[in-house]
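Below are the chains, spelled out letter by letter.
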Protein chains: 2
Amino acid sequence: MRKNYLLTPGPTPLPPEVCEAMARPIIHHRTPQFQAIIKEATQGLQYVFQTKGDVFILASSGTGAMEAAVVNLLSPGDTAITIQGGKFGERWTEICKKYGINTEVIDVKWGEGVSASEIEKRLKANPAAKAVFTTLCETSTGVVNDIAAIGSVLKATNAALVVDAISGLGAIDLKTDAWNCDVVVSGSQKGLMLPPGLGFISVSQKAWKLVESSRSPKYYFDLKAAKKALDKTDTPFTPAITLIIALCEALKMIKEDGLENTFIRHKKMADATRAAVKALGLELFAPTAASDVVTAVNLPAGIDGEKLVKTMRDTYGVTIAGGQAELKGKVIRIAHMGFIEEFDIIAGISCLEKVLHQMGYKFSLGQGIKAAQESLL
Amino acid sequence: MRKNYLLTPGPTPLPPEVCEAMARPIIHHRTPQFQAIIKEATQGLQYVFQTKGDVFILASSGTGAMEAAVVNLLSPGDTAITIQGGKFGERWTEICKKYGINTEVIDVKWGEGVSASEIEKRLKANPAAKAVFTTLCETSTGVVNDIAAIGSVLKATNAALVVDAISGLGAIDLKTDAWNCDVVVSGSQKGLMLPPGLGFISVSQKAWKLVESSRSPKYYFDLKAAKKALDKTDTPFTPAITLIIALCEALKMIKEDGLENTFIRHKKMADATRAAVKALGLELFAPTAASDVVTAVNLPAGIDGEKLVKTMRDTYGVTIAGGQAELKGKVIRIAHMGFIEEFDIIAGISCLEKVLHQMGYKFSLGQGIKAAQESLL
């Protein structure tokens, strides 16, 4: 008998309503019944994306939606600026390079946000740049970027702003239209409280102009085909029916709570987590730009992060994430995204305390929990 | 109160075990627990594909796996032969052209299978052709191609045989290794009795040589990255966890029945369907190459196929498929694939009789059912 807790930055726990929806008998996708679902899902996504523009649902993981952004906006030989401050920023660079894009990289120190003025400078130095690829919440470091500021910079330029909001959409604020985000990509297994398997992508009027002139080869991720289909409330290829039906349930829950309340809840969980780890004498990995999505925490010397994560998960059923790439073994990442409320945080911190204690880290048992409780009052 | 029957060529009905698996709380994908699932799913797929080679699971629909075949095997300027005898054969041509492949098209009359000797002739005329793209069961026409014969032709050549087995895998025989199929692609929502959202692709040693030299741009569908990950029982990007867990349940069911028995069951259902429609005085659309996957039926003059399908579905809850593209309104397609047994066929034929009767078609009520019952004895 093992009870499992999932505090990872994707997948995130599934609400019972979502689980139940996925267990229903399947329906066919070329039916009025499913057309109503496409419509409901698309409108719900527009609410969460905070856009009046087009939002498409892809049968892919978030990376597929990232690829869709690159191949639909750009052509081989085009110039783009990518912002790298972690593993997922690097993914933009990798995808652009694979598709023959001249890629100007802004390297940001891991754990810090990108400065909008640095982007402005780079854009001036590279006036041919057709797009800037950045990240809302960099899952590998827990950093949140100031997308509103970046959007202000890009508004006056010809370059399109492309935001990887896979981590963060539906958890923290991202005003697609008001902040001048031309393309926002996301995935199902994060703030939207679904299993992985759906990618989402929004396209602004400014972005559509780039789509029109793009010569990159594409078929499965062709957004013009997606648009043509969506105009008939259809999809170009067989959609991931079950996940889209479950998406409607998740969107309904977010709508009922309201986006603003959802953001407040995420901030409360993040504040409690940060208070707890600080009270344990641990340091935030990204103190100046910590997101309300996932908290990366530096581990003290002598504490092996991989062992810590493994013990919490395999011995006690509490799954958090370790560090990726250069942070492997050095940080832990506690997610507080999606269907997570205060007692999930309490359980997670309690387990963290237990294992840290067993690993010989010196602190007074309960002090993390107490700080979280105080923060949650 | 409405009871629904799904007799469509994808999605196909879900077994309760599959539904139940999808309703479980989600687990994280970078865990020993999920590694065991990847291993089980991969081995199960190798059983169904009848291959000892690599089989990859993609988070995409079947079309994504088709694109993966093209971009991983070929480079712009390469020559390939595509076989078109319906909508899905045409898709191979479309994808190849999008990626700059010189595409030699073998046009087959809709409703007929391709002849292996025609392929042999074309290969001799195009010795540079690196691959032949064909279809196991052409869903749009109900035709099954003789893949064994095609494989014999290709064995002696340098060209790779690529088979779209999206419709048919796990329902009718396809011996990937024994029939010299170098790449077989499939999808989850057909013979494998799952919702859509997973693509599958097998790769032979001969195909890997093409993969090594391919210069087509790719990232999300890069099979070398997939191979590198699978060697560590992992996936390059977040997998569609829930669907893969459900896949294990479906594969377990197929294994328990045994592939041979599964094929026999599909043949019985197909025979009964064909007997029924013939007894109703209707003609098979593909009499010489009818698959055991889906039966396309010509409609008599004066019977509007779109209205027939709509009435069966919206008034009586029985969903079959109509005709696609040039066959729109002219044929109906009754699928008998996946989790379908004899009384599903009886229900479907009974509903077909009812609506044909209401639409004024002259026949003696019950004669289709009787023929199906006799066939099923």
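Residues numbered from 1 in each chain as written. Chains lettered and ligands numbered in written order. Predicted model: local features only at pLDDT ≥ 70, side-chain atom pairs only at ≥ 80, totals over all residues.

### Considering the interface of chain B and chain A
Note on interface size: it is often stated as the accessible area lost on association of the parts. Operational definition: Throughout, a residue-residue contact means that the two C-beta atoms, derived from backbone geometry, are no farther apart than 7 Å. Only DSSP runs of H or I with at least four residues qualify as helices, and only runs of E with at least two residues qualify as strands; both kinds are numbered from the N terminus onward. Only Asp, Glu, Lys and Arg are considered charged, only Ala, Val, Leu, Ile, Met, Phe, Trp, Tyr, Cys and Pro nonpolar, and every remaining residue, Gly among them, polar.
Taken together, the contact between chain B and chain A spans 44 residues of the former and 44 residues of the latter. Among the elements of the structure, α1 (16–22), α3 (62–73), α4 (87–98) and α9 (241–257) of chain B are those that each provide at least two residues to the side of chain B that touches chain A. Top contributing element to the side of chain B that touches chain A by residue count: α3 of chain B, with four residues. Per-class residue counts for the side of chain B that touches chain A are 22 nonpolar, 16 polar and six charged.

### What to know about the relation of the copies chain B and chain A
What counts, and what does not: Here the copies were fitted onto each other by least squares, based on C-alpha atoms from residues at pLDDT of at least 70 in both.
Overlaying chain B on chain A yields an RMSD of 0.0 Å, the required transformation being a rotation through 180° with an accompanying axial translation of 0.0 Å. What the rotation and shift describe, once combined, is the action of a two-fold rotation axis. Of all interface residues in chain B, 100% are interface residues in chain A too; the two copies therefore contact each other through one and the same surface.

### Structural notes on the nonpolar core
Applicable threshold: Here, a nonpolar core means buried Ala, Val, Leu, Ile, Met, Phe, Trp, Tyr and Cys residues linked by C-beta atoms lying within 7 Å of one another. Exposed residues have 12 or fewer other C-beta atoms within 10 Å of their own C-beta, buried residues have 20 or more, and partly exposed residues fall in between, where C-beta atoms are placed from the backbone.
If you look at the biggest cluster of nonpolar residues, it comprises 264 residues, and the most contacted ones within it are Leu 247 of chain A together with Leu 247 of chain B. If near-sequence neighbours (up to four positions away) are discounted, Leu 247 of chain B is found in contact with Ala 41, Ser 188, Leu 192, Leu 194 and Leu 198 of chain B.

### Points about the sheet that holds strand β8 (residues 160–164) of chain B
Residue and element names in this part refer to chain B. For clarity, the threshold we go by: Only strands joined by at least two bridges in the DSSP assignment are considered to pair. For helices, the fitted line uses only the C-alpha atoms of the stretch in contact; every axis is such a line through C-alpha atoms, and the angle between N-to-C directions lies from 0 to 180 degrees.
Spatially, seven strands are ordered β2-β10-β9-β8-β5-β3-β4 in an open sheet, and the strand pairing comes out mixed. Each edge of the open sheet carries a strand with a single partner, namely β2 (54–59) and β4 (102–107). Looking at each pair of strands side by side, their axes are set apart by 20° on average, direction ignored. Alignment of strand β3 (residues 79–84) against strand β5 (residues 131–135), held across three bridges, turns out to be parallel. Residue pairing in the sheet places Ile 81 in a bridge with Val 132 of β5. Sitting on the sheet, α4 is in contact with β3, β4, β5 and β8, with an inclination near 155° to β3. Contacts from helix α5 (residues 116–125) reach β3, β4 and β5, with the element oriented near 150° to β4.

### Here we look at the sheet that holds strand β8 (residues 160–164) of chain A
All names here are of chain A. If you walk across this open sheet you meet the seven strands as β2-β10-β9-β8-β5-β3-β4, and the pairing is mixed. Each end of this open sheet is capped by a strand with a single partner; those strands are β2 (54–59) and β4 (102–107). Within this sheet the neighbouring strands show an average axis-to-axis angle of 20°, counted without direction. In terms of strand pairing, strand β9 (residues 183–187) meets strand β10 (residues 198–203) through five bridges, oriented antiparallel. Bridge pairing links Val 185 to Ile 201 in β10.

### Comments concerning the domain arrangement of chain A
Residues and elements named next belong to chain A. Short version of the rule: Note that domain bounds follow an automatic or database assignment of domains.
Split by domain assignment, chain A resolves into domain 1 (5–10 + 258–376) and domain 2 (16–256). The straight-line distance from the C-alpha centre of domain 1 to that of domain 2 is 28 Å. Those elements giving two or more residues to the side of domain 1 that touches domain 2 turn out to be α10 (259–279) and β12 (294–298). For the side of domain 1 that touches domain 2, the element with the highest residue contribution is α10, accounting for four residues. Its residues assigned to classes, the side of domain 1 that touches domain 2 comprises 14 nonpolar, eight polar and three charged.

### Observations concerning the environment of Cys 96 of chain A
Residue and element names in this part refer to chain A. Relative to the assigned elements, Cys 96 resides in helix α4 (residues 87–98). Owing to 27 C-beta atoms within 10 Å, Cys 96 belongs among the buried residues under this scheme. Taking the C-alpha atoms as reference points, Cys 96 and Glu 67, separated by 29 residues in sequence, lie 8.4 Å from one another. Discounting residues that sit within four places of it in the chain, Cys 96 has contacts with Val 70, Ala 80, Thr 82, Ile 101, Thr 103 and Phe 133.

### Some words on unusual backbone geometry
All names here are of chain A. Of note, the bond from Gly 10 into Pro 11 is cis; its omega dihedral lies within 30 degrees of zero at 0°. Counting through the fold element by element, Pro 11 comes out in the loop between β1 (5–6) and α1 (16–22). The phi dihedral of Thr 233 is positive, around 50°, even though this residue is not glycine. Considering the arrangement of structural elements, one finds Thr 233 in the loop between α8 (223–230) and α9 (241–257). Of note in the backbone geometry, Ala 325 takes a positive phi value of approximately 50° without being a glycine. The class for Ala 325 is exposed, based on 10 C-beta atoms found within 10 Å.

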